[in-house]
Amino acid sequence: MASKIVNFTLNGRPVEAMSKPLTTLQAILREQFKYTATKSGCKQGGCGSCTVLVNDEPIMSCLLPVENVEGQEVVTLEGLLQSEDGLHPIQAAFFERFAVQCGYCSPGMIMISKALLEQNPQPSREEIVDALTGNFCRCTGYEPIIQAVEEAARRMNGG
Ligand code: FES
Ligand code: FES
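### Topic: the sheet that holds strand S1 (residues 4-10)
Taken in spatial order, the 5 strands of this open sheet run S2-S1-S5-S3-S4, and their pairing is mixed. Strands at the two margins of the open sheet, each flanked by one partner only, are strand S2 (13-19) and strand S4 (57-60). This sheet shows a mean twist of 40 degrees between the axes of neighbouring strands, independent of strand direction. Taken together, the 2 bridges between strand S3 (residues 51-54) and strand S5 (residues 73-75) define a ladder with antiparallel strand orientation. Paired with valine 54 across the two strands is valine 74, which belongs to S5. Against the sheet, helix H3 (residues 106-119) touches S3 and S4, its axis set at about 35 degrees to S3.

Written as structure tokens, this is what we have:
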């Protein structure tokens, strides 16, 4: 099948992806752009490890054909670095609250948390739990992750 060129913005810069039909955004991010923070877990929409932002909305990139991001803005974990020590406040909170063990779920957890905190800067604990429902973690028992999101919300609100 013929390849197609797809143009989109990736972490703030315009890029061009060469894609065969139905190639997923996840595959393009990892294989063409080498942005391997976006994990490749179940590849069926069941684990959330591949979560990225498309126009600020969290998307499981294993389910999204890359053709669908033509002209859109895609942000991966690699696009979050902003502070002097290189960590986004959500990343710093995950690190300090021990919300990362093996780390496989962490990029997806951080991206879904970013989407939540942009839409709802002061979420309740229940709203955090609800937002994280589609993202699985086999290591932490979730409590440190919930506390990290609460801590990130405090920091991003100047607390
Ligand atoms: S790899 Fe996409 S949801 Fe599991
Ligand atoms: S830290 Fe290992 S899966 Fe979440």
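### Here's the deal with helix H1 (residues 25-32)
Since there are 3.6 residues in each turn of an α-helix, residues three or four apart along the chain are aligned in direction. If you check which residues of H1 are buried, you get Leu25, Gln26, Ala27, Ile28 and Leu29. Following H1 by one or two positions, lysine 34 adopts a phi angle in the positive range, close to 60 degrees.

### A few points about the packing of H3 against helix H5 (residues 143-156)
Axis separation between H3 and H5 bottoms out at 11 Å; the angle between their running directions is 45 degrees. As judged from the angle between their axes, H3 and H5 are oblique. As for the relative orientation of H3 and H5, their crossing is right-handed in sense. Each of Met109, Ser113 and Leu117 in H3 lies in contact with H5, whose residues at this interface are Ile145, Val149, Ala152, Ala153 and Met156. In the contact of H3 with H5, the residues fall into 7 nonpolar, 1 polar and no charged.

### Thoughts on the domain arrangement of the protein
Each assigned domain of the protein is listed with its residue range as follows: domain 1 (4-79) and domain 2 (89-156). Spacing between the C-alpha centres of domain 1 and domain 2 amounts to 21 Å. Between domain 1 and domain 2, the residue contacts involve 14 residues of the former and 13 residues of the latter. In terms of residue count, the dominant contributor to the side of domain 1 that touches domain 2 is S3 (3 residues). Across the side of domain 1 that touches domain 2, the residue classes break down as 7 nonpolar, 4 polar and 3 charged.

Procedures and definitions
Residues numbered from 1 in each chain as written. Chains lettered and ligands numbered in written order. Predicted model: local features only at pLDDT ≥ 70, side-chain atom pairs only at ≥ 80, totals over all residues. Pairing = 2+ DSSP bridges. Helix = DSSP H or I, 4+ residues; strand = E, 2+ residues; numbered from the N terminus. Axes fitted to C-alpha atoms, helices over the stretch in contact; angles between N-to-C directions. Contact = placed C-beta atoms within 7 Å. Buried ≥ 20, exposed ≤ 12 C-beta atoms within 10 Å, placed from the backbone. Parallel < 35°, antiparallel > 145°, perpendicular 65-115°, else oblique. Left-handed = near helix turned anticlockwise from the far one by under 90°. Nonpolar A, V, L, I, M, F, W, Y, C, P; charged D, E, K, R; others polar. Domains from an automatic or database assignment.

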